[in-house]
Amino acid sequence: MLLESVRVLDLAGGDADAVTRLLADLGADVLKVEPPGGSPARTAAPLLGGVSISFALRNANKRSVILDPADERDRRRFQELARTADIVVDGGPRGHTADLGASRFGTSCGELADRYGHLVTMSVTDFGTSGPRSHWQATDAVLYALSGALSRSGPTSGTPVLPPDGIASATAAVQAGWAVLVAYYNRLRCGVGDYIDFARFDAVVTVLDPIFGSQGQVAAARRGASRWRGRPRNQDAYPIYPCRDGYVRLCVMSPRQWRGLRAWLGEPAAYADPRFDVIGERFAAWPQISVLVRELFAERDMADLVTAGQARGVPIAAVGEPAQVLAGEHFAAARAAVSTDLAPGLPALIPAGYFVVDGHRAGFRTPAPAPGEGRAGWRARPDVPVGGGTVGARPFEGVRIVDLGVIVAGGEASRLFGDLGAEIIKVESAAYPDGLRQTRAGSAMSESFAWTHRNNLGFGLDLRSPAGKEIFGRLVGTADAVLANFKPGTLAALGFCYEALRGINPQVVLAESSAFGESGPWSDRMGYGPLVRATTGVTALWTAPPGPEGSQRAAATGRHPFYDATTVFPDHVVARVTAIGALAALIAGRRTGAGAHVHVSQAEAAVNQLDTGYVARAAGPSIVPDTGLDLVCRCSGVDEWCVVSIRTDDDWRRVAAAFGDAALAADPRFGTGEQRSAHRAELVDQLSRHTGECTPASVGELLQAAGVAAGPMNRPPDIAEDPQLSHRAVFADMTHPLIEHPLPAETGPAPFRNIPQAAQRPAPLPGQDTRVLCHTLLGLDGDDIERLIADGVLFAAD
């Protein structure tokens, strides 16, 4: 297994447990430290047979040891485990390090890194350990509100729609996994560890649907008279239509796909004009085209429509039910779900993990351990750091990556390496440039491309020509890794399956992502993100909670209830999952001298992000549900909102006390979690009497001071001015010679002590570096280079 030499001491708990599960899936020896009686997270709802589903899922593949901070012998054992570990991950000041460390012998996570210079330590908190909001608490809903995600989800007026619970926490866990593995790789390079003050808020802002990043609503993030502060006008960019047994979604992008749909509609004369091959022309006429689509789909079943559409080359997907996805034929054939006993005698079907390595699932192997079910020692034999690298340099200096990735998930995976020093050679075809290069008339480069492909070199190559294949093979021979996100089989059709790449370079790593994975009946489907979300049930979860407002809106408009059209989830998180897999393979290669093939499925990534909810739905009535509520309440001002999370009875009492409403606290409709859930709409109305007189920011301040997770709904322009993000220097202005204004860009995955902020070399024009790379890397002389350019094998920017 890729990380079999890595020793991880897990002091996390709750959402942070998912960070070390990622490392355990890839083979790390993860030893979970629990207090006497076990981690409190073991009792977190939803429960199956008295077992916390979330704890069971986040702690698979680990071992457990009980350490009592009141026992001197256990305190010594803790120090010895920390001294001999490679990585320590803690839940921050409220985590176990505080109990086993600070309260007994003054050792925080940062101080552990000081004491043991080889050690990589990470504290995972909601907002970081410093800054104006460092004392705040967050739920997923609060993170959606503060990050701007809530303001882009839901109808253009009325109550915004919260994204599904779980995505924010899981996204933060993936970013944390990437950051801690980067620091570990750096330790192997230079011999020195690190301390990472990781904030989940930073991660959600920069990874879920980044305002300043590829495919975000970038124009809205800069203040000005022409900037749109309202919610997105188009909530149906990827239209959904009712059919006889549910709903289906279309995602028609290319002229060829449009022609397939037009033929399916019976070649209507009104749309025969070739101008409708242009997506903008179709978009303007779509209300009329939709009438024909609705008529065609209304009396047909989802499965029939998907089969017929795919046969015609029309990107279409059924809006699936989350409870049925794991048990479906695709997840079974791809071995992406596995049955295990979460509780004795209570089997459950669970997602198997994110990674496929060399054709084998690198995921679930053993259930979460019972408390203390493990010897307090290490199984793994640690890697010996090579050392010799410069402390303070970027960790991937000297690493070369050949990048075939496109759009968001592909392009961003390589950018993560380029930001930290890798040489990224972006290979593009003149005939098929990266889709992110599409830009407004008069602009030389899109902002999305500038963000996604900074720190890249541009190499123009026709991979379909024999001479182009020969040149590509020579590039691979010099590379440490190749990244791609083509449809499965595309690389093989070009003559570059992993076996062929390994034949050229036995140490090369191939890291790929695709919509539905390498195997299973969905693997050959056209796979845009909106279709992945629909197929896997994410779309079905991205909907308003039941209530009168939603019912009235549906009745008035006839619109479907789904609101995920403005997100690009899971593209950004898939980029990081792919990068983690690639980095784990590079780490293993230092030890073994061999390469590896890593594959990540967007569909499987989406389901693993929401694993607790999917397992709970599939288990049905035997589940003890989570009765915590996340409420979106109106505030003073036009279209202003806040989020209030009530997870416990104590939260409820604090909310009522903060608003000085004794009658509300005594209202029998809201006395327990079950009662609050049953009377959700009335509870929102009652709270809105108070929040409606306050600004969103003041509600957040009031309730956070009372110990309740709450926050304002930020708009995209607010992110640039957020005081916590400014304090933590999450963004820095990036300039590009082809873009007139600076672009705020993320400074890295997290603040490190020994790793500098991201480099900011401008993204290249197509083929900008072709001549230089051919000369310096491949040893071609000028005449040969110009001949290959003239023959169309290469292309270069003027």
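Residues numbered from 1 in each chain as written. Predicted model: local features only at pLDDT ≥ 70, side-chain atom pairs only at ≥ 80, totals over all residues. Heavy atoms only, no water.

Trainee: I'd love a proper account of the packing of aromatic side chains, names of residues and values included.
Mentor: This structure, assessed with the given rule, holds 17 aromatic pairs. Centroid distance Phe331 to Trp522: 6.3 Å. Interplanar angle 80°. Geometry classified as edge-to-face. Highlighted residues: Phe331 in helix H13 (residues 329-333) and Trp522 in the loop between strand S20 (509-514) and helix H19 (529-536), separated in sequence by 191 residues. You'll find Phe331 and Trp522 in the same group, each marked buried. Here Trp652 and Phe670 contribute two aromatic rings whose centre-to-centre distance is 5.7 Å and whose plane-to-plane angle is 75°, an arrangement assigned as edge-to-face. In this pair, Trp652 sits in helix H25 (residues 649-658) while Phe670 sits in the loop between helix H26 (662-666) and helix H27 (673-678), placing the two residues 18 residues apart along the sequence. (Phe/Tyr/Trp six-rings, centres within 6.5 Å; stacked < 30°, edge-to-face > 60°. Helix = DSSP H or I, 4+ residues; strand = E, 2+ residues; numbered from the N terminus. Buried < 20%, exposed > 50% of the residue type's maximum accessible area, 1.4 Å probe, protein only.)

Trainee: I'd like to hear about empty space enclosed by the protein, residue by residue, with values.
Mentor: Summed over the entire model, instances satisfying the criterion amount to 4 cavities of 30 Å³ or more. Estimated volume of the largest cavity: approximately 80 Å³. Lining the largest cavity are 13 residues; nearest its centre among them are Phe212, Gly213, Arg415, Trp451 and Glu746. Two domains each put at least three residues into the lining of the largest cavity: domain 1 (7-214 + 363-383) and domain 2 (400-525 + 571-604 + 753-791). Counted as a void, the second largest cavity has a volume near 60 Å³. Along its surface, the second largest cavity is lined by Ala149, Arg152, Ser153, Pro163, Asp209, Trp542, Tyr563, Asp564, Thr566 and Thr567. For the lining of the second largest cavity, the per-class residue count stands at 4 nonpolar, 3 polar and 3 charged. (1 Å grid on protein atoms, 1.4 Å probe; cavity = no way out; pocket = protein on both sides within 12 Å on 5 of 7 lines; lining within 4 Å. Points joined across faces, edges and corners; volume = space filled by probe spheres on them. Domains from an automatic or database assignment. Nonpolar A, V, L, I, M, F, W, Y, C, P; charged D, E, K, R; others polar.)

Trainee: A description of the domain arrangement of the chain should follow, citing residues and the corresponding values.
Mentor: For the chain, the assigned domains read domain 1 (7-214 + 363-383), domain 2 (400-525 + 571-604 + 753-791) and domain 3 (627-721). The straight-line distance from the C-alpha centre of domain 1 to that of domain 2 is 31 Å. Across the contact, 30 residues belong to domain 1 and 24 residues belong to domain 2. With both chains or domains summed, domain 1 and domain 2 bury close to 2400 Å², and 68% of this area falls on carbon and sulfur atoms. Three residues, Trp178, Tyr185 and Ser214, lead the burial of domain 1 against domain 2; their summed loss comes to 31% of the area buried on that side. For the pair domain 1 and domain 2, the number of links is 1 salt bridge. In this structure, Asp114 engages Arg753 in a salt bridge whose closest nitrogen and oxygen atoms are separated by 2.7 Å. At the surface where domain 1 touches domain 2, the tally comes to 8 residue pairs in polar contact (both at pLDDT 80 or more). Every element with two or more residues in the side of domain 1 that touches domain 2 is listed here: helix H5 (109-115), helix H7 (167-190), strand S8 (194-199) and helix H8 (200-207). (Contact = heavy atoms within 4.5 Å. Buried area = accessible area lost by both parts, 1.4 Å probe. Salt bridge = Lys/Arg side-chain N within 4 Å of Asp/Glu carboxyl O. Polar contact = N/O pair within 3.5 Å; in protein donor to acceptor, adjacent residues only side chain to side chain.)

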